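Each chain, letter by letter, is given below.
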Amino acid sequence: MEVLLLGSEGLPEGAVLSLKWGDMKRQAPVSQVGQNFRFNDSAAHPMQMKVEVLTPMAPSQSVPIDPAQDVFEVAFDSRMKVRLQHRPAKESQRQVVDIKSASDGKGLPAERLHLAQQAASYLEEHDLVKTFQEILHGLIVTKPDDPHLYVEAHLAKAKKMAKGGTARMLCSAGETDRGAASP
């Protein structure tokens, strides 16, 4: 089923329309006339839809995520704050290239096959394939003004995380920093 926002009036600036149908919730700013809300169900059987208007209580905050610190706090003012924790979500992580199968070397001479297997083992041992995949993904998504500075900063993060045994989360697609993110 799809519900279309045709218009609104009398709602405060920055208000968000929230629709809940069964267990699914969809939200969008009320200023986005024409916005559609899709639900994985049909209106063929009667069901109540919960409709809410949400208004901001404080200005939004842009928060840098440091992969070496999994818990962080966001203060909206002296009385309002939230404490959050980030962690990898296995189901949403990009697939890592299987470097061992790439080094199977079908048709390679024995000497080159041995070198490819040694290289694959080294890259896998130090988790370098995943590290560079994440850095490249971050470069493509964020398109920083200084890509070399971005790579340098993210390699420093990877090094820090490797030494500390910290959970992986280098380049998030949500980074909006046009330079390098702070390590």
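Cut-offs used in this document
Residues numbered from 1 in each chain as written. Predicted model: local features only at pLDDT ≥ 70, side-chain atom pairs only at ≥ 80, totals over all residues. Heavy atoms only, no water. Pairing = 2+ DSSP bridges. Helix = DSSP H or I, 4+ residues; strand = E, 2+ residues; numbered from the N terminus. Phe/Tyr/Trp six-rings, centres within 6.5 Å; stacked < 30°, edge-to-face > 60°. Lys NZ or Arg CZ within 6 Å of the ring centre and 35° of its normal. Patch = residues over 30% accessible without salt bridge, like charges linked within 9 Å, V, L, I, M, F, W, Y side chains within 5 Å. Areas by Shrake-Rupley, 256 points an atom, 1.4 Å probe, with all protein chains shown as cover. Salt bridge = Lys/Arg side-chain N within 4 Å of Asp/Glu carboxyl O. Buried < 20%, exposed > 50% of the residue type's maximum accessible area, 1.4 Å probe, protein only. Expected span 1.5 Å × (residues − 1). Axes fitted to C-alpha atoms, helices over the stretch in contact; angles between N-to-C directions. Left-handed = near helix turned anticlockwise from the far one by under 90°. Contact = heavy atoms within 4.5 Å. Nonpolar A, V, L, I, M, F, W, Y, C, P; charged D, E, K, R; others polar. Core = buried A, V, L, I, M, F, W, Y, C linked by side-chain atoms within 4.5 Å.

What about the pairing of strand β2 (residues 16–21)?
Alignment of β2 against strand β3 (residues 24–29), held across 6 bridges, turns out to be antiparallel. Residue Leu-17 lies in a different strand from β3, and its bridge partner there is Ala-28. Between the end of β2 and the start of β3, which pair antiparallel, lie 2 residues, with Gly-22 showing a positive phi angle near 65 degrees. Here β2 runs beside strand β5 (residues 49–54); their pairing, made up of 6 bridges, is antiparallel. Each bridged residue has a counterpart across the sheet, and for Ser-18 the counterpart in β5 is Glu-52.

Some words on the packing of aromatic side chains
What the rule picks out here adds up to 0 aromatic pairs. Geometry around Phe-39 places Arg-26 over its ring, the cationic atom sitting 5.8 Å from the centre.

Quick notes on a nonpolar patch on the surface
On the surface, a nonpolar cluster with roughly 210 Å² of combined accessible area is contributed by Phe-76, Val-82 and Leu-84. Overall, Val-82 belongs to the partly exposed group, its relative accessible area being 33%.

A closer look at helix α2 (residues 110–125)
Over its 16 residues, α2 runs 22 Å from end to end, which matches the ideal 22 Å to within 8%, given 1.5 Å per residue. Asp-127, located one to two residues past α2, shows a positive phi value of around 55 degrees.

Here's the deal with the packing of helix α3 (residues 128–142) against helix α4 (residues 147–164)
Interhelical geometry of α3 versus α4 gives an angle of 145 degrees and a closest axis separation of 10 Å. You can see that α3 and α4 cross each other, and the crossing is right-handed. Along its contact with α3, which presents Thr-131, Phe-132, Ile-135, Gly-138, Leu-139 and Thr-142, the element α4 presents Pro-147, Tyr-150, Val-151, His-154, Leu-155 and Ala-158. In terms of residue class, the contact of α3 with α4 is built from 8 nonpolar, 4 polar and no charged.

Comments concerning the environment of Ser-31
As for its placement among the helices and strands, Ser-31 is situated in the loop between β3 and β4 (36–38). Taking the C-alpha atoms as reference points, Ser-31 and Leu-5, 26 residues apart in sequence, are found 9.3 Å from one another.

As for the nonpolar core
Counting 10 residues, the largest nonpolar core consists of Leu-5, Ala-15, Leu-17, Leu-19, Trp-21, Met-24, Ala-28, Val-30, Phe-37 and Phe-39. Here this core takes 3 residues from β2, the largest share from any one element. Once residues within four sequence positions are removed from consideration, Phe-39 is found in contact with Met-1, Val-3, Leu-19, Trp-21, Met-24, Arg-26 and Met-49.

Notes on the environment of Val-30
Of note, Val-30 is situated in the loop between β3 and β4. For the pair Val-30 and Gly-14, spaced 16 residues apart in the sequence, the C-alpha separation amounts to 7.7 Å. The contact partners of Val-30, leaving out residues within four places of it in the chain, are Leu-5, Ser-8, Leu-11, Ala-15, Val-16 and Leu-17.

Re unusual backbone geometry
Even without glycine at this site, Asp-127 takes up a positive phi of about 55 degrees. Considering the arrangement of structural elements, one finds Asp-127 in the loop between α2 and α3. The phi angle at Lys-143 is positive, at roughly 45 degrees, despite the residue not being glycine. On the secondary structure map, Lys-143 appears in the loop between α3 and α4.

Some details on the sheet that holds β2
The sheet built from 3 strands is open, its strands ordered β3-β2-β5 with antiparallel pairing. A single partner strand is all that each edge strand has here, and the edge strands are β3 and β5. Taken over all neighbouring pairs, the strand axes of this sheet differ in orientation by 15 degrees on average, direction set aside.

The values are spatial; any link to function lies outside them.
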